Structures are given as C-alpha cells and as structure tokens.
There are 2 protein chains.
Amino acid sequence: MSAAETLTRSLNAWKGQTFDAARCPVRDVIDHLGDKWSTLLIMVLADGPQRFSAIRRAVPDISQRMLTQTLRDLERDGLIEREVFPTKPPSVEYRLSPLGRTLLDPLAALVGWAEGAHPQIVRARTAYDQVA
Amino acid sequence: MSAAETLTRSLNAWKGQTFDAARCPVRDVIDHLGDKWSTLLIMVLADGPQRFSAIRRAVPDISQRMLTQTLRDLERDGLIEREVFPTKPPSVEYRLSPLGRTLLDPLAALVGWAEGAHPQIVRARTAYDQVA
DNA sequence: CGGAATCCAGCCCGATACTG
DNA sequence: CAGTATCGGGCTGGATTCCG
C-alpha cells in the first residue's frame, strides 16, 4: 500500500462516526508531539539516558518549567522513564522506554525529510513573500 | 546508521554554534507541521486534489478561518499548490506539490506508529493518573 | 540538583459577520 | 463558493521566586 493510501485509509476510518477527536491517533498522539519541545527532547534522549541538567544543557533555550512539564507529559504517555537516585544532592535520570524507542524510526524519517526539504521550504517562503 | 544515531547527529550539528532556532530544520519545519491542522490537511490532500469545501467537509471541526490560514501557510512553504478556476461562483482547488508529496512517506510512517502506539499510550496515561 | 508555585504576555484559534 | 475582517477567550510557554 502506498503512503497516500495509508494516510487516506487512516482518515476514512473516522468518516461517518460521531466525531471524537480524542480517539483519533493523529490528533491525540501526533498533535501532542507537535508541541514546542517534545520531539527535541526525544532526540536528546535517543543518544542514551540523560540527567535533568544534561538535557537542559543540550537544549539551551528551554526554560526549567517547560523542561519539567514536557518530560512529565512524555512520561505520562509512557514514552520515557524517570529514575530518581537518592544521592545528595539528588540526581534524576530520564531514558526512553521501549515504547519510546519504537518512535525513533519514524521520527528519524521525518527529521531526515525536514533536513532535506528545509532549503526548498526556505526558498518557497522567500518566493511567496516576494509576490505578496 | 541507526535511527538513534541519525537523530543524535542531527542534534549535534547545532552544538557550539551561536544558536539560531530558525536555521534548525527540526524547529523551523517540524514544529510548524505540529500546529493543530497541518498534518490533517496534508492527509486529506494525499487522496488527490480537493476543493476548499470538500476539504472542509473532510475535517468537520475546522473553522473557515483556520482552514484558509493553514492552507496559506502550507502553500507558503511550498508543500501545496492552489489553483483558482474563474467560474461563477469561483472554485479553488488545492493539491500537494511535488515537494509536498515527498512528505507522504515519512508522514505515513509516523501516522502508522501513532495508530499502533495509541492503545499503549492510552493505557500508560490511565496508569499514570491512577498513581497521581 | 531538580523541581514546584505563581504571575503574566503573547498568540493560537474559534465565533461571528461581511464580501466579490 | 471561497474567502476577509474583527473581536475575544484560553492555553502555551517564559520569567521569577522559593523549596527539599
């Protein structure tokens, strides 16, 4: 089955039903990954388990608040695991869960596409704004 | 190269540089796709060219304003093309551009993952909320 | 070190009304 | 039919402060 057919079929699965966005994976899962930091944090953790402050250094422009919150959301979705080491001062390690690791393949495909398409997209924007 | 290596390498490409989010594809492209409607509209257009009102019927809960705006943004990025037929009343057709079609494969992979992982994610959330 | 709590700005997005 | 214009609420996310 082609990619287009896969996507069309995924859409049509929701035709006619009393519409419930919460039960549609595209909305319930992908939209959630689409927030400002989720994909970036998963990419950081793809390299291996990381401590809170190490993640923070890897993503310099994230605020402490959003780092905590995004990690919590990913943990709640079962994509990452959190382990506390009762040292003094405490240290906390985050790692991808088995489910989270299954996301790496499709995510790498998307990131690869984004890198390849980025120059064309930048050019398209310039051309569009030229006219308008 | 493994998916994890691909992602890590993509991240490390930005280490040390004076950080400029606009030049990072993950932020400039993927975050943009992460808005509420973009992926959904691309999925609709994967089936073939569609008129404005047909797209609207396919995504019942989008407002006219957001449909117009999201289509404009996708057109600006060069992912879709817009053609006006000067009939009376006018009709406008939208279709994926060649560049837009190259997104279908990675997008289908991600949507496929989301469908497969959705049940596990729902269960993870329930378990998490149980404890908290 | 890794948070939690609070406050607040911006903008995303929806609802509504009007147009060529 | 396919928009545009305007208004306004709510949520995302940043800055700051405090805590174990």
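All figures in this text were calculated on a predicted structure; none of them were measured in a lab.

(A) The nonpolar core, seen in detail. Counting 79 residues, the largest nonpolar core has I42 and W113 of chain A together with I42 and W113 of chain B as its most contacted members. When neighbours within four sequence positions are excluded, I42 of chain B is seen to be in contact with L33, L74, L79, L96, L103, L104 and L107 of chain B.

(B) Expanded view of the sheet that holds strand 1 (residues 50-51) of chain A. Residues and elements named next belong to chain A. If you trace the three strands from one edge of the open sheet to the other, you get 1-3-2, paired in antiparallel fashion. Only two strands of the sheet have a single neighbouring strand rather than two, namely strand 1 and strand 2 (80-85). In the sheet, strand 1 pairs with strand 3 (residues 91-96) via two bridges, with the strands oriented antiparallel. Considered in strand 3, the bridge of Q50 is made with Y94.

(C) Quick look at the protein's contact with DNA strand D. In the region of DNA strand D, 19 residues are neighbours, and R65 of chain A together with S53, Q64, R82 and Y94 of chain B sit closest. Those atoms of DNA strand D that come within 4 Å of the protein belong to sugar or phosphate at a rate of 58%. At 3.0 Å, a side-chain N or O of R51 of chain B approaches a phosphate oxygen of DNA strand D. Note that a phosphate oxygen of DNA strand D is positioned 3.2 Å from one of the side-chain N or O atoms of R72 of chain B. Among the secondary structure elements, those contributing two or more residues to the surface near DNA strand D are helix 5 (64-76) of chain A together with helix 4 (52-58), helix 5 (64-76) and strand 3 (91-96) of chain B. Among the elements that take part in the surface near DNA strand D, helix 5 of chain B stands out by supplying four residues, more than any other. When the residues that make up the surface near DNA strand D are grouped by side-chain class, the tally is eight nonpolar, five polar and six charged.

Reading guide: rules and limits
Each chain carries its own residue numbering, running from 1 in the direction its sequence is written. For naming, the first written chain is A and the first written ligand is 1, with later ones following in the order written. Residues qualify for local features only when their pLDDT is at least 70, as the model is predicted, and side-chain atom pairs are given and counted only at 80 or more; totals for whole chains, interfaces and linings, by contrast, use all residues. Excluded from the side-chain calculation are hydrogens and water; included are all heavy atoms of the structure. For our purposes a nonpolar core is just a set of buried Ala, Val, Leu, Ile, Met, Phe, Trp, Tyr and Cys residues, chained together by side-chain atoms within 4.5 Å. Exposure categories follow from relative accessible area, calculated using a 1.4 Å probe and restricted to protein chains: below 20% of the type maximum is buried, above 50% is exposed, and the middle band is partly exposed. For this analysis, residues touch if any pair of their heavy atoms sits within 4.5 Å. Strand pairing requires that DSSP identify at least two bridges connecting the strands. For helices the rule is a DSSP run of H or I covering at least 4 residues; for strands it is a run of E covering at least 2, with both sets numbered from the N terminus onward. Near residues are defined by distance, with any heavy atom within 4 Å of the molecule or strand qualifying the residue. Polar contact is defined as a pair of N or O atoms within 3.5 Å, subject to the rule that within protein one atom must be able to donate a hydrogen and the other to accept it, and that residues adjacent in sequence are counted only when both atoms are side-chain atoms. Polar here means any residue outside two lists: the nonpolar Ala, Val, Leu, Ile, Met, Phe, Trp, Tyr, Cys and Pro, and the charged Asp, Glu, Lys and Arg; Gly therefore counts as polar.

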